[in-house]
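Chains, contacts and geometry: an overview
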Amino acid sequence: ENIAGQFLTITTNAIANTETTFTHTMGSIPVGYLVLGQDKAGSLYQLATTGTAWTSSAISLKCSVASVTFKLFLLM
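On a predicted model such as this, the values are computed, not experimentally measured, just so you know.

1. Re the overall build of the chain
Each helix and strand counted, the chain has zero helices and six strands in total. From first element to last, N terminus to C terminus, the chain shows the α and β order β-β-β-β-β-β. For 76 residues, the compact-globule formula gives about 11 Å, and the C-alpha radius of gyration of the chain, at 12 Å, lands near that figure. Viewed in the frame of its principal axes, the chain has a C-alpha envelope of about 35 × 25 × 15 Å. Across the 76 residues in the chain, those meeting the buried criterion constitute 33%. Expressed as a percentage of contacts within the chain between residues at least 6 apart in sequence, the contacts between residues at least 24 apart total 74%. With the model as given, the accessible surface of the chain reaches about 4,300 Å², and the carbon-plus-sulfur share is 57%.

2. Digging into the sheet that holds strand E4 (residues 44-45)
Pairing is antiparallel in the open sheet, where three strands are placed in the order E2-E5-E4. Of all the strands in the sheet, the pair left with one neighbour each is strand E2 (20-23) and E4. In the sheet, E2 pairs with strand E5 (residues 58-63) via four bridges, with the strands oriented antiparallel. Across the sheet, the residue bridging to threonine 21 is serine 60, located in E5.

3. Notes on the nonpolar core
Core analysis: the biggest nonpolar cluster contains 14 residues, and Ile10, Tyr33, Leu44, Leu61, Phe70 and Leu72 have the highest contact counts within it. Listing elements by their share of this core, those giving two or more residues are strand E1 (5-11), E5 and strand E6 (69-75). Those residues in contact with phenylalanine 70 that lie beyond four places of it in its chain are Leu8, Thr9, Ile10, Thr12, Val35, Gly37, Gln38, Gly42, Leu44 and Cys63.

4. Structural notes on the environment of threonine 55
Along the polypeptide, threonine 55 turns up in the loop between E4 and E5. Note on threonine 55: relative accessible area 34%, which makes it partly exposed. C-alpha of threonine 55 to C-alpha of alanine 4: the two residues are 51 residues apart in sequence and 17 Å apart in space. In this view, threonine 55 contacts His24, Ser28, Ile29 and Pro30; residues no more than four positions away in its chain are not counted.

Parameters and conventions
- Residues numbered from 1 in each chain as written.
- Predicted model: local features only at pLDDT ≥ 70, side-chain atom pairs only at ≥ 80, totals over all residues.
- Heavy atoms only, no water.
- Helix = DSSP H or I, 4+ residues; strand = E, 2+ residues; numbered from the N terminus.
- Rg over C-alpha atoms; globule rule 2.2 N^0.38 Å.
- Buried < 20%, exposed > 50% of the residue type's maximum accessible area, 1.4 Å probe, protein only.
- Contact = heavy atoms within 4.5 Å.
- Areas by Shrake-Rupley, 256 points an atom, 1.4 Å probe, with all protein chains shown as cover.
- Pairing = 2+ DSSP bridges.
- Core = buried A, V, L, I, M, F, W, Y, C linked by side-chain atoms within 4.5 Å.

Structure representation (C-alpha cells):
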C-alpha cells in the first residue's frame, strides 16, 4: 500500500518528560509517527489517545531526555 503523511523536524522541551505541542499542516489527525532520525539518545513517546488529544493541526509529544531534535514522518 501507499502511505501518506508529512515530514516534520521537532525539538523537544528543555525539561525531560514534559509535553510539547508541535504544529503540522496535514489537515487530518495523524494516526502515528515514524522516527527517522534524532540528534542524541532519548525516547519520544505519547500517542493520540494519551495526554493532550492530537488535532488536524497539532500533535503533543514527550521525550525522556531534554532538547532532542527528531526528524519524524507523521502518518495520515
